[in-house]
Amino acid sequence: MRLRHSRVLLAAIAICLAFATVSRAGDAPLVFGLLLVGPYNDKGYSQAQYEGGRYVEAKLPGSRMIYLDQVNPTDRPGMTIPQAVDDMAAKGARLVIAGSEDMRDGILEAAVRHPEMTFLHVSGDDVLTGKAPKNLGNLFAKIEYGKMMAGFAAAMTTKTGKIGYLGPLVNDETRRVANAAYLGARYAWEHVRGKKPEELTFKVSWIGFWFNIPGVTADPNQMAGAFFDQGFDVVISGLDAPEALTVAAARREAGADAYALPYVYKPACQLAPEACLGVPYFNWGPPFLIIARQVAAGTYQPAFAWLTPDFADMNDADKSPVGFLPGPALSAENRKYLDIFSAALGSGAVDLYAGPLDYQDGTVFVPAGRTATEKEQWYCPQLLRGMQGQSAAK
C-alpha cells in the first residue's frame, strides 16, 4: 500500500487559505474538540496543537474550540477517550481532534460510538490499515525534514563529534524522526565538514513517554546532563517539553560549551537563546483550518494526509505545516550552510532516503539504486546503522 501523496493536499491548502476570510452563508458555527496528551501550555507539542486550535478560531468565523489537556493515564487515571468525547459531544462538538498516537484505540471507539461526528487522529494511520470507520481521518506532517535540519545544525556545531538524542517512548514515529536527525547529521559531517563517518557518535536515549512524569519515566534533566557529562556537546530533543535546552543553558552558565535543539514548538528557543541552535516544529493551524472548514461545510472526506513542508518558506505561519527556525546560537556561517541544505532537500538535489541504508541489525532499509517509499519511511522498525541506542523498549 502506498501512502497518499501530500502535494495534492498542499494545493488544497493554498486554495483554502486564499479564501481565509470567507465562510459559506448559512453554515452553522463549528464547535470542535481538541484532546491534548500533555499540558496546553507545555512549550512543546501540546501547546503547538492548542495554538493550532486558536488559529482556527481566529480564521473561521463563529468557530469555537473545546479542549481537554493532560489526557494520559497518569494525569487522568480512569479517564477514557470515549468519555472525554461524550462530554465534548454534549457540548455541541461536531469535530474532535485527538492529538497523540497513543490515543489510537480510544478515538476509534469514540468514532464508532458517535457516527454523527467527525474525528481526526493526528499521527495515526488507521485509514491506511483499513481500521478507521468512515467518520475518522488521519493527519500528520513530515517533521522528518525539520529533524534532518536539526541534525545538520548539530553536526555543523559539535566540536567533540558527539551528538546526543533525547527520545520519548519507542515506536515507529519516534524511531523515524530520530533516524531523520541522524541522516541530517551524517550528511553535514561527511559532505560539508569532510569528516569520516566513524568519527561521528550519535546516541539515542529514551525516557519512556512523550514528556517527564516523575516516578514513571526516566528524568530527562538527568539524561540530558549525562550526555554532557560524557563529552556530548549537542543534544537534540525528541520530547514534547524543553528540558534538553534548559539543561544545556545551565551547563553554559557553568562554563561548558553546550548546545541543544528543542522540538515541536516554534518559540522554544526563547527559553534559552544562548544555547539554542534551532527548533523543528509543527505548525498545526493551516491544516487544522482546512479540515475544520470542510467539516463546517459538510465536505470533509476522511483520508490519510502526511504533509510536506513548504520549502519556499518553511516558517510561513499561514502555509507550511512543518518549520525549522534557526536558533540564535547557530553561527552565521553554519546558518548559510543550513540554508543551502534546506534548499537542496526542497529541490530533491539531496535525498537522504536514497539507498543503500541499513538498520542497526544489518537488515536492509533501502537497497542501493532506489529511494525509500513513503510506506517504508512511515513504518520504521529500527534505528539506522551508525546510531547508538536501543531500537526497542526494554
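Throughout what follows, the structure given in this document is the object of discussion.

About the cut-offs
- Residues numbered from 1 in each chain as written.
- Predicted model: local features only at pLDDT ≥ 70, side-chain atom pairs only at ≥ 80, totals over all residues.
- Heavy atoms only, no water.
- Core = buried A, V, L, I, M, F, W, Y, C linked by side-chain atoms within 4.5 Å.
- Buried < 20%, exposed > 50% of the residue type's maximum accessible area, 1.4 Å probe, protein only.
- Domains from an automatic or database assignment.
- Helix = DSSP H or I, 4+ residues; strand = E, 2+ residues; numbered from the N terminus.
- Pairing = 2+ DSSP bridges.
- Right-handed = clockwise from strand over helix to strand, strands pointing away.
- Axes fitted to C-alpha atoms, helices over the stretch in contact; angles between N-to-C directions.
- Contact = heavy atoms within 4.5 Å.
- 1 Å grid on protein atoms, 1.4 Å probe; cavity = no way out; pocket = protein on both sides within 12 Å on 5 of 7 lines; lining within 4 Å.
- Points joined across faces, edges and corners; volume = space filled by probe spheres on them.
- Nonpolar A, V, L, I, M, F, W, Y, C, P; charged D, E, K, R; others polar.

## What about the nonpolar core?
Thought 1: Core analysis: the biggest nonpolar cluster contains 112 residues, and Leu 35 and Phe 202 have the highest contact counts within it.
Thought 2: Built from parts of two domains, this core gets at least three residues from each of domain 1 (31-141 + 284-307) and domain 2 (144-280 + 324-388).

## So, the pairing of strand β5 (residues 136-141)
Thought 1: Most of β5 is tucked away: 6 of the 6 residues are buried.
Thought 2: Burial along β5 is two-sided: the face carrying Leu 136, Asn 138 and Phe 140 and the face carrying Gly 137, Leu 139 and Ala 141 are both buried.
Thought 3: Pairing of strand β4 (residues 118-122) with β5, which is carried by 4 bridges, proceeds in the parallel orientation. Bridged to Val 122 within β5 is Leu 139.

## Observations regarding the pairing of strand β2 (residues 64-68)
Thought 1: In this sheet, β2 lies alongside strand β1 (residues 31-35) in parallel orientation, the contact comprising 5 bridges. From the neighbouring strand, Leu 35 faces β2, where its bridge partner is Leu 68.
Thought 2: After leaving β1, the chain enters helix α2 (residues 45-59) and then returns to the sheet as β2, a path that is right-handed.

## Concerning the sheet that holds β2
Thought 1: Pairing within the open sheet is parallel, and its 6 strands lie in the order β2-β1-β3-β4-β5-β11. A strand with exactly one partner marks an edge of an open sheet, and here the two such strands are β2 and β11 (304-307). Across the sheet, the axes of successive neighbouring strands diverge by a mean angle of 20°, strand direction being ignored.
Thought 2: Packed on one face of the sheet, helix α4 (residues 104-113) meets β1, β3 (95-98), β4 and β5 and runs near 170° to β4.

## Some details on empty space enclosed by the protein
Any space left empty among the atoms is revealed by the rolling of a water-sized probe across them.
Thought 1: Tallying each qualifying case throughout the model produces 2 cavities of 30 Å³ or more.
Thought 2: Computed from the structure, the largest cavity encloses a volume of approximately 110 Å³.
Thought 3: Lining of the largest cavity is provided by 15 residues; of these, Glu 173, Trp 210, Gly 238, Asp 240 and Tyr 263 occupy positions nearest its centre.
Thought 4: Broken down by element, the lining of the largest cavity gets its largest block of residues, 3 residues, from helix α7 (residues 172-192).
Thought 5: Residue classes in the lining of the largest cavity are distributed as 8 nonpolar, 4 polar and 3 charged.
Thought 6: Viewed by domain, the lining of the largest cavity spans two of them, domain 1 (31-141 + 284-307) and domain 2 (144-280 + 324-388), each represented by three or more residues.
Thought 7: Empty space within the second largest cavity amounts to approximately 50 Å³.
Thought 8: When contributions to the lining of the second largest cavity are tallied by element, the ones reaching two or more residues are α7 and α12 (374-378).
Thought 9: No other element matches the 3 residues that α7 contributes to the lining of the second largest cavity.
Thought 10: Here the lining of the second largest cavity is composed, by residue class, of 4 nonpolar, 2 polar and 2 charged.

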